[in-house]
Amino acid sequence: MSEQKKSFEHIVRERWCKGCNICVAFCPKQVLALRNGKVYAAHPELCIGCRLCEIRCPDFAIEIHEKGVQKPESQDASDVDHTIPPEAKHA
Amino acid sequence: MSDSLKYFRENRLPHIWCPGCGHGTVTGALVRAIAKLKLDKNKIVVVSGIGCSSRAPGYLDFDTLHTTHGRALAFATGIKLSRPELKVIVMTGDGDCTAIGGNHFIHAARRNIDITTILMNNNIYGMTSGQYSPMTPKGMLGTTAPYGNTERSFDLAKLSIAAGATYVARATAYHAVLLEELIEKALLNPGFSVVEALSQCPTYYGRKNKLGTPVDMMTWFKDHAVNIKAAAVMSPEKLEGKFLIGEMHNSPEPEFTAEYSALAEGVRRKFDSFQGGLRECAQNSD
């Protein structure tokens, strides 16, 4: 092995996932699975980072990040308090 | 996704589309194409009509306009003519664009106005519970075609090429990577660009025609789509029952708003320098 194997982490926004199974079915490495109608990474070590799940997800619910690569800090949408109307921020 | 997430109105998500609906994939492809081109979000206007597809602008953080049924292109023409520096994108559906807005569509294509039209074709009127549309294939079922649709469907690519669009392409929700590339090219084309994105409707079209789950419908796209480059060397028998995807037509021509402003500038110059006399239009004056 000339270079170290890359590893990836799967960020799932469970609030947005509708469990349509598209990402699970078209994953070339069978990394993903459904649990209680939401997707989760069952075998994250098999992931090759092709991002086909991220590209095909109709609900923008899954995201792949390469581990060890510095990514700009982005707010995870599932943590946002949606009870606050957006107008409140523009006071 | 994280770099394109800033183009979404996150507080409006999750969207109202059914689980497995392809419209979300198409919207995602558009947003990724915009993120890739690093376009300014204050210089983009997204216009839509009525239908499932036309819900998309509600989730996008651009200046957006949700207009009357079929008239998205008419409103978009107004926006583009009054502010030619803006990038105008129309998101429309098969019923919206080819049935009630068919006339607006062919005339926008004829004028070659710089609008990027993304047509999400799910072969049915999904929002109003599954009536057949002009793009429902012959023989398929709908709520208003319980024994099968007897009408022939439009081939949108051929229609738009014939009407004068300068960039025409087609992809499916399964071929999302290709779709993103085609949308990117369409956004860069100065002229009327049409990208037809085939999208699955598992709720109405799928259930009515017993096409199975969203995954089965996407697998159908995978099995029946042939890239136009590959089709060039294939025999007609092999292409039986298949449909073409890829870039169908790309030939830049003079764009409408540029031509119009050049004309207006010419006329203004002539009138500003008017010194008296016949104004070179004696035959028209009474």
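Anything mentioned here points back to the structure above.
Remember, it's a predicted structure, so these values are computed and weren't measured experimentally.

**Some words on the interface of chain B and chain A**
Part 1: Each partner contributes to the interface: chain B provides 22 residues, whereas chain A provides 21 residues.
Part 2: Elements supplying a minimum of two residues to the side of chain B that touches chain A: helix 1 (23-37), helix 6 (176-188) and helix 8 (214-224) of chain B.
Part 3: Of the residues forming the side of chain B that touches chain A, the biggest block, four residues, is contributed by helix 1 of chain B.
Part 4: For the side of chain B that touches chain A, the per-class residue count stands at 12 nonpolar, nine polar and one charged.

**Examining the packing of helix 1 of chain B against helix 6 of chain B**
Residues and elements named next belong to chain B.
Part 1: At a closest axis distance of 8 Å, the pairing of helix 1 and helix 6 adopts a crossing angle of 50°. Classed by the angle they form, the pair helix 1 and helix 6 counts as oblique. In this structure, the crossing between helix 1 and helix 6 has a hand that is right-handed. Taken together, the residues of helix 6 that come into contact with helix 1 (itself represented by Thr 25, Val 26, Ala 29, Leu 30, Arg 32, Ala 33, Lys 36 and Leu 37) are Ala 176, Leu 179, Glu 180, Ile 183, Glu 184 and Leu 187.
Part 2: Split by residue class, the contact of helix 1 with helix 6 holds nine nonpolar, one polar and four charged.

**What about the nonpolar core?**
All names here are of chain B.
Part 1: Membership of the largest hydrophobic core comes to 77 residues, with the highest contact counts inside it found for Val 90, Ile 118, Ile 183 and Ala 197.
Part 2: Those residues within four positions of Ala 197 in sequence are excluded, and the remaining contacts are Val 26, Ile 118, Leu 119, Met 120, Asn 121, Ala 171, Thr 172, Ala 173 and Leu 179.
Part 3: Core analysis: the next-biggest nonpolar cluster, separate from the first, contains 10 residues, Cys 18, Cys 21, Ile 124 and Cys 201 among them.

Cut-offs used in this document
- Residues numbered from 1 in each chain as written.
- Chains lettered and ligands numbered in written order.
- Predicted model: local features only at pLDDT ≥ 70, side-chain atom pairs only at ≥ 80, totals over all residues.
- Contact = placed C-beta atoms within 7 Å.
- Helix = DSSP H or I, 4+ residues; strand = E, 2+ residues; numbered from the N terminus.
- Nonpolar A, V, L, I, M, F, W, Y, C, P; charged D, E, K, R; others polar.
- Axes fitted to C-alpha atoms, helices over the stretch in contact; angles between N-to-C directions.
- Parallel < 35°, antiparallel > 145°, perpendicular 65-115°, else oblique.
- Left-handed = near helix turned anticlockwise from the far one by under 90°.
- Core = buried A, V, L, I, M, F, W, Y, C linked by C-beta atoms within 7 Å.
- Buried ≥ 20, exposed ≤ 12 C-beta atoms within 10 Å, placed from the backbone.

The values are spatial; any link to function lies outside them.
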